[in-house]
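# Understanding the architecture of this molecule
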Amino acid sequence: MKTSKKRIIQWLIVCLGVFVVITSFTLIKPNTTVKAPSGDDTLVIPEEINNIFDKSCFGCHNSDSKNEKAKEKLLINKLTGLSKSKQVAKLDKISEIIENNEMPPEKFLARYPDKALTQAEAKKLREWADSMSEALLKK
Amino acid sequence: MKKRTKFILAIVAGAAILIQLIPSGRPSNNPVSGKDIASSVEVPASVYTLLKNACFDCHSQSSRFPWYSYVAPVSWLVASDINKAREQLDFSYWGDLSLKDKIKMLDDISEEVSEKEMPLESYKLMHPSARLTDEECEIIVEWTESVSEKLME
C-alpha cells in the first residue's frame, strides 16, 4: 500500500515536470508576427511566411548562426529593424534568389532534403517579398 | 649554354611572341554623358576618389590600361575581368538602372566592400591605391546607405 502511494506521488512529480517543460517551450516560442521596433512598421512577417523562414532559412540567417557568410547577407531576425532602403534591398534579393533557385544551397539540401522549399512555399515567399518591397517603395 | 637549354628557351620565347597575336578582347571605353553615377546621385569628392582608385578601372567606362595590360597573357586576364565587372555593375551607365536595381546594387556594393571581396586581390597587387583601409571601406558603406535612403524619398 505504501509503495503504491509513493508510485502515485512519483508519477505526479513526473507529470508536473513534463507540464512545466511543455509550457516553458510555448513561452519561448517567438511571437509569430514580428513588427519593427520603432518608426516604420510597413514590413510585417505574417505567421505563414515566418513558418517558411523557420523551416528553410532561419537556421543560417540568424544572429546566433555560425555561418558567417549567411549572416552577412541576411539576418531574418533583424529584418524589421533595418532602414527602409535596406529592407527593400533585402526583400528584392530574397525574391531574386528564390526565383533563381539559389537558396537554400544545394549542398545544404543534399544533407537536409526536407528543408527544401516547395513550389507553393517559394511562390508565397516571393509574393510576400515583392508586395512588401512595393509597399515600402510607395511610402 | 647547352644546346638543349637553348632549344627550350627558343621555344618559350617563340610561344611568348606568338600568343601576342591572339586578340585579348580588351573592351574600349564608351562613356555616355549624363548616365554616370556622379550625374545622377551625390558623390562627395572623398568618395569619388575612392571609387576611382578602387572600382572604376573595371566597373566603369573610364578604365585605365597600364602597359602590361597590352601583353598576353595578362591582357587576357584584364579583358575578361573588365568584361565580367561591367556586366555586374557599370558606374558609367548607372542611370540605366531602375530604382529597385539601384537600391539592390548599393546594398551589393556595401556588402562586397565591407566583406573585402572587392577590389580583387589580383588588382590590388598592381594598384596600391585600391587597397582600401577599414576607414575607407566604411566611408563607401556609409555613402551607399545615404544614397539609398535618399532614393527612397
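Starting afresh in each chain, residues are numbered from 1 along the sequence in its written order. For naming, the first written chain is A and the first written ligand is 1, with later ones following in the order written. Given that the model is predicted, a residue must reach a pLDDT of at least 70 before its local features are reported, and side-chain atom pairs must reach 80 or more before they are shown or counted; all residues, however, enter totals for whole chains, interfaces and linings. Derived side-chain values reflect all non-hydrogen atoms in the structure, with water molecules and hydrogen atoms excluded from consideration.

### Observations regarding the interface of chain A and chain B
- Should any heavy atoms of two residues lie within 4.5 Å, those residues are counted as being in contact. Opposite the 18 residues of chain A that make contact, chain B presents 14 residues.
- For the pairing of chain A and chain B, the buried interface totals around 1500 Å² over both sides, and the portion due to carbon and sulfur atoms is 47%.
- Salt bridges are defined as contacts in which a side-chain nitrogen from Lys or Arg sits within 4 Å of a carboxyl oxygen from Asp or Glu. Summed over the shared surface of chain A and chain B, the result is 13 salt bridges.
- We note a salt bridge from Asp107(B) to Lys93(A), for which the minimum N-O separation is 2.9 Å.
- Definition of a polar contact: a pair of N or O atoms within 3.5 Å, with one able to donate and the other able to accept a hydrogen when the atoms are protein atoms, and with sequence-neighbouring residues admitted only if both atoms are side-chain atoms. Between chain A and chain B we count 15 residue pairs in polar contact (both at pLDDT 80 or more) in total.
- Elements supplying a minimum of two residues to the side of chain A that touches chain B: helix 3 (68–73), helix 4 (84–99) and helix 6 (119–138) of chain A.
- Strands here are runs of E lasting at least two residues and helices are runs of H or I lasting at least four, both read from the DSSP assignment and numbered beginning at the N terminus. Counting residues per element, the side of chain A that touches chain B draws most heavily on helix 4 of chain A, which supplies nine residues.
- Throughout this entry, Asp, Glu, Lys and Arg are counted as charged residues, while Ala, Val, Leu, Ile, Met, Phe, Trp, Tyr, Cys and Pro are counted as nonpolar. The remaining residues, Gly among them, count as polar. For the side of chain A that touches chain B, the class distribution of residues is four nonpolar, three polar and 11 charged. Defined in terms of a 1.4 Å probe, buried area is the accessible area two parts forfeit on being brought together, summed over both.

### Overview of the packing of helix 4 of chain A against helix 7 (residues 134–152) of chain B
- Packing of helix 4 of chain A against helix 7 of chain B brings their axes to within 8 Å, and their N-to-C directions diverge by 90°. The angle between helix 4 of chain A and helix 7 of chain B falls in the class roughly perpendicular. Of the residues in helix 7 of chain B, those touching helix 4 of chain A at Lys84(A), Ser85(A), Lys86(A) and Val88(A) are Glu145(B), Ser148(B), Glu149(B) and Met152(B).
- Partitioned by chemical class, the residues of the contact of helix 4 of chain A with helix 7 of chain B number two nonpolar, two polar and four charged. Note on geometry: axes are C-alpha line fits, over the in-contact stretch for helices, and angles between N-to-C directions span 0 to 180 degrees. By the definition adopted for this analysis, an angle is roughly parallel if under 35 degrees, roughly antiparallel if over 145, roughly perpendicular if from 65 to 115, and oblique otherwise.

### Notes on unusual backbone geometry
- The omega torsion across Met103(A) and Pro104(A) is -15°, close enough to zero to call that bond cis.
- Residue position: Pro104(A) is located in the loop between helix 4 and helix 5 (106–111).
- Here the amide bond leading from Met118(B) into Pro119(B) is cis, since omega sits at -10°, within 30 degrees of zero.
- Unusually for a residue other than glycine, Asn101(A) sits at a positive phi of about 55°.
- Topologically, Asn101(A) is positioned in the loop between helix 4 and helix 5.
- The phi dihedral of Lys116(B) is positive, around 60°, even though this residue is not glycine.
- Inspection of the secondary structure puts Lys116(B) in the loop between helix 5 (99–114) and helix 6 (121–126).

### Comments concerning helix 7 of chain B
- Working rule for helices: expected span equals 1.5 Å times residues minus one. Between its terminal C-alpha atoms helix 7 of chain B stretches 27 Å, which fits the 27 Å expected from 19 residues at 1.5 Å a residue.
- Partly exposed describes any residue whose relative accessible area lies between the buried limit of under 20% and the exposed limit of over 50%, with all areas from a 1.4 Å probe on protein chains only and scaled to the type maximum. Among all positions in helix 7 of chain B, only Cys137(B), Ile140(B), Val141(B), Trp143(B), Thr144(B), Val147(B), Ser148(B) and Met152(B) are buried.
- Where the residues of helix 7 of chain B are buried, they touch helix 4 and helix 6 of chain A together with helix 2 (37–40), helix 3 (45–54) and helix 5 of chain B.

Shape is all these values report; function is a separate question.
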